[in-house]
Amino acid sequence: MGSRTLWSVILSCLRTFLFASIAFTVSLSAAAPDYVAEIKPLLKNQCVKCHGASTQKGGLRLDTAAGAIKGGKHGAAVMPGDADRSLLVALVAGTHEEISRMPYKRAPLDSTEVDLIRAWIAAGALAPADEEPSDDRHWAFIAPQEVRLPRIPGVDHPIDAFVRQRLVEEKISPASETDAITLIRRVFLDLTGLPPSVKEVDAFVAEYKDPAQRETVYLRWVNQLLKSPHYGERWGRWWLDQARYADSNGYSIDAPRQIWKFRDWVVSALNDDMPFDQFTIEQIAGDLLPNATVDQKVATGFHRNTQINQEGGIDKEQFRIDSVFDRVATTGSVWLGLSIGCAQCHDHKFDPISQAEYYQIFAFLNNQDEPTLTVPDPSVNREALGEERKMLEAQITAHWVANKQAFAEWEAELGTPSRSRLSKTALAALKVPMAKRSFEQKRALFTAGPGAADQVYRAMNERLSEIEAVLKNGITTLVMKELPEPRKTTIFVKGDFTRPADEVTPGVPTVLHALKPRGVKPDRLDLATWLVDRQNPLTARVLVNRVWQQYFGTGLVDTENDFGTQGSLPSHPDLLDWMAREFMGRGWSLKSLHRLIVTSATYRQSSKARPDLQVKDPTNRLLARQGRLRLDAEVVRDVSLAASGLLNPKVGGAPVYPPIPDGVMSLGQVRREWKVSPGADKYRRGLYTFVYRATPPPSMSVFDAPDGFAACTRRIRSNTPLQALTLLNDAAQVEFAKALTNLIEKEGLVAAFRRVVARAPSEEEQRLLAPLDAFSAARVMLNLDETITRE
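Parameters at a glance
- Residues numbered from 1 in each chain as written.
- Predicted model: local features only at pLDDT ≥ 70, side-chain atom pairs only at ≥ 80, totals over all residues.
- Heavy atoms only, no water.
- Helix = DSSP H or I, 4+ residues; strand = E, 2+ residues; numbered from the N terminus.
- Buried < 20%, exposed > 50% of the residue type's maximum accessible area, 1.4 Å probe, protein only.
- Contact = heavy atoms within 4.5 Å.
- Areas by Shrake-Rupley, 256 points an atom, 1.4 Å probe, with all protein chains shown as cover.
- Expected span 1.5 Å × (residues − 1).
- Polar contact = N/O pair within 3.5 Å; in protein donor to acceptor, adjacent residues only side chain to side chain.
- Axes fitted to C-alpha atoms, helices over the stretch in contact; angles between N-to-C directions.
- Parallel < 35°, antiparallel > 145°, perpendicular 65-115°, else oblique.
- Left-handed = near helix turned anticlockwise from the far one by under 90°.
- Nonpolar A, V, L, I, M, F, W, Y, C, P; charged D, E, K, R; others polar.
- pLDDT = per-residue confidence, 0-100.
- Salt bridge = Lys/Arg side-chain N within 4 Å of Asp/Glu carboxyl O.
- Phe/Tyr/Trp six-rings, centres within 6.5 Å; stacked < 30°, edge-to-face > 60°.
- Lys NZ or Arg CZ within 6 Å of the ring centre and 35° of its normal.

On a plain count of helices and strands, the chain comes out with 33 helices and six strands. Put simply, the chain has 791 residues, and 54% of those count as buried. For the chain, restricting intrachain contacts to residue pairs at least 6 apart in sequence, the fraction spanning at least 24 positions comes to 73%. Accessible area for the chain stands at about 33500 Å²; split by element, carbon and sulfur atoms hold 53% of it.

Following this line, the structure appears as structure tokens:
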């Protein structure tokens, strides 16, 4: 992005007038005419200490200089050469008849400052003479440009150079490095989602004492964590949020589905450090690659994570179209950081994306069949499934006996119209006397009749069908498959699929780089390649911003799913562009990006609050310290599992069913059985817990896990009493506490405390814990704020 022009600052200021928000300043270039030199600190300190959410309020576009000059219903914001008729002057002076004084909810500018702005406009609203003419497009639609690293004495790491440059400008000192115990727990949780063992903590602290070897030691530990198979689990969950992954179909029926092979593919791909451009291509269009492998086809499950409506009487085409709508919106938000879905019904109100361009993207994703793919899996326990099948058949038979009268009444009342809707198997069964019918004949009839609204029966029958499919075909997963001939795609008037209008062909928004199709008819593979083209101004920026967000709580662009004109400006624009180019230059390696971030002094800072920062940078946008971040829902479980010694570290495989509160599975339309997994399976990581969209495990929901209905690019972090109650009373947490109780009795209170939070308890903490019995002490330790926080 390079240095910003004065016009860029003015535009940010104008946007602020309409939508004031989080404080941050935009740096300006140094040389300028005298009055411009004077106006810089004014704009920097008074007007632009907000992120610039561009808008078209009243028809006024404030994302370009041309738009500000053209103006809207209230007039031109800036009229070069005519300050008296410029809306900007009227607003800052407080003389406008309809709009109150600006900046909004901030201290007003004094008369001297207003006169400076007036003088700048009267002189022609010129930028400093030495600044190059700026591209008039919104910053995010311009490809990242090469950025020169700042030179800061004593700073070697490139990330630190950019961050320290801003801190120097703001006269803020960075925090010192955090202590060794906090650092090793932080980086373990960030890279693997698991806490370090007491032995690992002691080893790191001992090695880290020598200042001369500190960098070498830390880098070695970081590399070990990046090689851990648990790295893929931790960052796989991050990607699955964006893929809207869950283990059920959604809608009111919310039947279970098999798609966990896609989850395992993500974990494996990340562990292998698959380049992100290839990672993208295989998920969007793996089936279209030459000689596509089974794994590449499995990867296309990314866009099969949409919901499936299994209710009776629906229009299947309507819900197929809804799935495509979802895929367009998800592609836009996950890779481009744009709210492309807003153009489904009309031209985008703020970004330069027309409705026709929306349906051109739609056309790429409208030409697929949605089959299941059988995947070999030697890990399936066929014997155990066979036993469960026999048990279910016996339970279903008993259920038929209990509902014998309803079954007979339904059959007696069957008329010709009802019979015409029965399956061939059910029609054939009607010709056989009840006493001589086979299990499958009774099953076909009961499923079509009384069982259709019987929640208990439906749950048993669905599980039986799932087991039969696995025993017959092996593991299946949902995938995409291109149709031999593309469907006709049209614009839908107001987004209504029953109102087709003009036909469109696959294409991309003209505001972005050009599509380079391989043939006459562009397909998903062309779209995937376009997404990761190095000329794409968005994908690399969006990706590094989301990774940064995981480490610091907020991205450099805090509207991580909206890089459009309604989104925030980056707090450190040059750092964002440098990292985006570096990420691509290093072969799109995510592990390299992680290593780059966690080895910076910025990442390793203390997170302790400081009085000076409460005034100068209350939201920590300038990164003068680290942040204390609540752990993700799955990691909260994983920390308790690891601390209690119960963790089963197995990687991959079918979902598991840990204990959940009674009654949870009765909350959906169909009451389903939740059979707790036996043995070590119930102690597996949270990543592997089966998640129904309609009735997710409460311990996940209470800690803000996404529901899988839509792509989640940032988890919220709430703080509620229910979280503390869950940690105390949830069945799984009680079991973890009992296991930790045994460790307290065996190893002592101090050792158990260190297992939970890595550090030793203070004398005051020991005094408070000492009177408690071992079980109560264990429950307290697992409920500490520090336990469920990164530090």
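Before going further, it helps to spend a moment on helix α27 (residues 633-644). Between its first and last C-alpha atoms α27 spans 17 Å; for twelve residues at 1.5 Å apiece the expected length is 16 Å, and the two agree. Most of α27 is tucked away: eleven of the twelve residues are buried. Regarding α27, the residues found buried are Ala633, Glu634, Val635, Val636, Arg637, Asp638, Val639, Ser640, Leu641, Ala643 and Ser644. Positive backbone phi, approximately 80 degrees, marks Gly645, located one or two places after α27.

Another aspect to go through is unusual backbone geometry. Even without being glycine, Asp273 reaches a positive phi, approximately 55 degrees. Topologically, Asp273 is positioned in the loop between α11 (260-271) and α12 (276-285). The backbone of Trp588 sits at a positive phi, close to 60 degrees, despite the residue not being glycine. In this fold, Trp588 is placed in the loop between α24 (573-585) and α25 (590-598).

Mapping Asp351 onto the fold places it in the loop between α14 (316-336) and α15 (355-364). Under the relative-accessibility criterion, Asp351 is labelled buried at 3%. At 2.8 Å, the side chain of Asp351 forms a polar contact with the backbone nitrogen of Thr565. Filtering out sequence-adjacent residues up to four positions away, Asp351 remains in contact with Leu338, Ser339, Asp562, Gly564, Thr565 and Gln566.

Positionally, Leu596 belongs in helix α25. Each C-alpha atom of the pair Leu596 and Met579 lies 9.3 Å from the other, and the pair is 17 residues apart in sequence. Look past the residues within four positions of Leu596 in its chain and what remains in contact with it is His157, Pro158, Ile159, Trp578 and Arg586.

Close contact between helix α20 (residues 439-448) and helix α21 (residues 455-473) brings their axes to 12 Å; oriented N to C, the two are set at 130 degrees. Here α21 runs oblique to α20, going by the angle between their axes. As for how α20 packs across α21, the hand of that crossing is left-handed. Judged by residue contacts, Phe439, Glu440, Arg443, Phe446 and Thr447 of α20 engage Tyr457, Asn461, Leu464, Ser465 and Glu468 from α21. Among the residues making up the contact of α20 with α21, the classes are represented as four nonpolar, three polar and three charged.

As a further point, take the confidence of the model for the chain. Per-residue confidence for the chain averages 89 on the pLDDT scale, and 90% of its residues sit at or above 70. Within the model, the stretch residues 1-5 combines pLDDT values under 50 with 16 contacts to residues more than four positions away or in other chains. This model gives residues 15-63 a pLDDT under 50, and the stretch forms 153 contacts once residues within four places in sequence are excluded.

Side-chain pairs of opposite charge can arise whenever the charged atoms involved come near each other. In total, this model carries 48 salt bridges according to the counting rule given. Asp84 is the salt-bridge partner of Arg118, the closest N and O atoms lying 2.7 Å from each other. With Arg118 in helix α5 (residues 111-122) and Asp84 in the loop between α3 (65-70) and α4 (87-93), this residue pair connects regions lying 34 residues apart in the sequence. Residue Arg118 is classed as partly exposed on the basis of its relative accessible area, which comes to 29%. With a relative accessible area of 67%, Asp84 lands in the exposed category. Within this structure, Arg389, Glu393, Glu440, Arg443 and Glu468 form a network of salt bridges that share partners.

A few words on α21. For α21, built from 19 residues, the straight-helix expectation of 27 Å at 1.5 Å per residue is met to within 8% by its first-to-last C-alpha distance of 27 Å. Residues of α21 that are buried: Tyr457, Ala459, Met460, Asn461, Glu462, Leu464, Glu466, Ile467, Glu468, Val470 and Leu471. Two to three positions downstream of the cap, the backbone nitrogen of Val456 sits 3.2 Å from a side-chain oxygen, assigning the N-cap of α21 to Asp454. Positioned one or two residues after α21, Gly474 has a phi angle of 90 degrees, which is positive.

Inspection of the secondary structure assignment puts Ala175 in the loop between α6 (158-170) and α7 (180-192). When its relative accessible area of 14% is taken as the criterion, Ala175 is described as buried. Taking the C-alpha atoms as reference points, Ala175 and Ser606, 431 residues apart in sequence, are found 5.9 Å from one another. Contact partners of Ala175, with chain neighbours within four places excluded, come to Gln605, Ser606, Arg610, Ala624 and Arg625.

A few words now on the packing of aromatic side chains. All chains considered together, the criterion is met by 38 aromatic pairs. Taking the centre distance of 5.2 Å and the plane angle of 15 degrees together, the rings of Tyr657 and Phe690 count as stacked. In this pair, Tyr657 is assigned in the loop between α27 and α28 (698-701) and Phe690 in the loop between α27 and α28, connecting sequence segments 33 residues apart. Under the relative-accessibility criterion, Tyr657 is labelled buried at 19%. Residue classification places Phe690 among the buried positions, given a relative accessible area of 3%. Its end group placed over the ring of Phe302, Arg244 keeps NZ or CZ at 5.3 Å from the ring centre. Taking the ring centre of Tyr688 as reference, the NZ or CZ of Arg684 above it sits at 4.0 Å.

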